[in-house]
Every structure is written in structure tokens, then in C-alpha cells.
Amino acid sequence: MPHSLLCAKILCVEDDPAILALQLTLLRHLGYETLAASDGLEAYDLILQEKPDAIVLDVMLPGCDGFTLAEKIRRTDSVKDTPIAFVTAKDELLDFRHGFRKKGNIYLAKPFTSKALQ
């Protein structure tokens, strides 16, 4: 049975096509509606347009990195409370702290498990 938050819309922002496909597949399997972007600038436009319920955000992105994008989101009234889950290969303690200072709700290091995305 799909996850209880049926129809919640989640935006995945990831520049690696294989990881993006995996994230989208897992979230769809759990019953979420998904959106995708492969760079920070594209993602910001999509966030303003679609107002997703949550964002799964890579840190190292072309156009606008994930930390900068998170700052922009938090300064934009219409989407400032959207939950953000950073998913990144940057797994040092300082990276985690930086992610939480940028108001990320969750910080997952790659490689992640499908259970972690739930």
C-alpha cells in the first residue's frame, strides 16, 4: 500500500540522471506525485510555479548550488516553509551543520537507502 500522504507533491533536484531516476521511482512507488529538476535555477522556477509539498535537494548543482537555493526558498514568502531534505555526497560534520544552518529539515548522505527517503 502506498504511503499515507497520497498526492503530496515532492520536487527532486538532482543533476545525476541515475540518482534522479532512482529518487523519482522510489517516491512514486510510495504514492507521491513527483517533479524533477536538474539544476538550481530550473528548480527555483519550478518551486515558484508548482509549490511542492517538500523538496529533495542535492547540494552540488549547476546554476545555483543547493545551499544557495535553500536560502532563496527561505526568503520567498510563498514557499519559505516548504520542508527541504538535503541529499548529497558532502558527508562531513561541517557539511551537515551548514545544511541545518541553511534551514534544511533533513540531511542525508549519499549513498542513501530507499528507507531513508520515506
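Preceding this section is the structure that the text describes.
Here we summarise the structure given alongside this text. Not measured: the values here are computed from a predicted model.

### Focus on the environment of I55
As for its position among the elements, I55 is in strand β3 (residues 54-57). The class of I55 is buried, set by a relative accessible area of 1%. In sequence terms I55 and A43 are 12 residues apart; their C-alpha atoms lie 9.6 Å from each other. Setting aside its immediate chain neighbours within four residues, I55 contacts L11, V13, I47, I73, T82, P83, I84 and A85.

### Some words on the side chain of T34
Note on placement: T34 falls in strand β2 (residues 33-37). You can call T34 buried: its relative accessible area is 14%. At 2.7 Å, the side chain of T34 and the side chain of R28 are in polar contact. Ignoring anything within four residues of it in the chain, the contact list for T34 reads I10, L24, L27 and R28.

### A short note on the pairing of strand β4 (residues 84-88)
Among the 5 residues that make up β4, 5 are buried, leaving the element largely enclosed by the rest of the structure. Judged by which residues are buried, β4 turns out to be covered on both faces: I84, F86 and T88 on one side and A85 and V87 on the other are all buried. Of the pairings in the sheet, the one linking β3 to β4 comprises 3 bridges and is parallel in character. Its bridge partner being in β4, L57 is matched across the sheet by F86. Taking the sense of rotation as the criterion, the β-α-β connection linking β3, helix α3 (residues 66-74) and β4 turns out right-handed.

Rules and cut-offs
- The numbering scheme is per chain: residues are counted from 1 as the chain's sequence reads.
- Per-residue local features are limited, in this predicted model, to residues with pLDDT of at least 70; the limit for side-chain atom pairs, both in listing and counting, is 80 or more; totals at the level of whole chains, interfaces and linings are taken over all residues.
- With hydrogens and water stripped out, all remaining heavy atoms of the structure feed into the side-chain values.
- By the criteria applied, helices consist of DSSP H or I runs no shorter than four residues and strands consist of E runs no shorter than two, each listed in order from the N terminus.
- Type-normalised accessible area, obtained with a 1.4 Å probe on protein chains alone, sets the label of each residue: buried when under 20%, exposed when over 50%, and partly exposed for intermediate values.
- Only heavy atoms matter for contacts: two residues are in contact if any of them lie within 4.5 Å across the pair.
- Here a polar contact is taken to be a pair of N or O atoms separated by no more than 3.5 Å, where protein atoms must pair a possible hydrogen donor with a possible acceptor and residues adjacent in sequence count only if both atoms sit in side chains.
- At least two bridges found by DSSP between two strands is the condition for calling them paired.
- Seen with its strands pointing away from the viewer, a crossover is right-handed when the path leading from the first strand over the helix to the second is clockwise.

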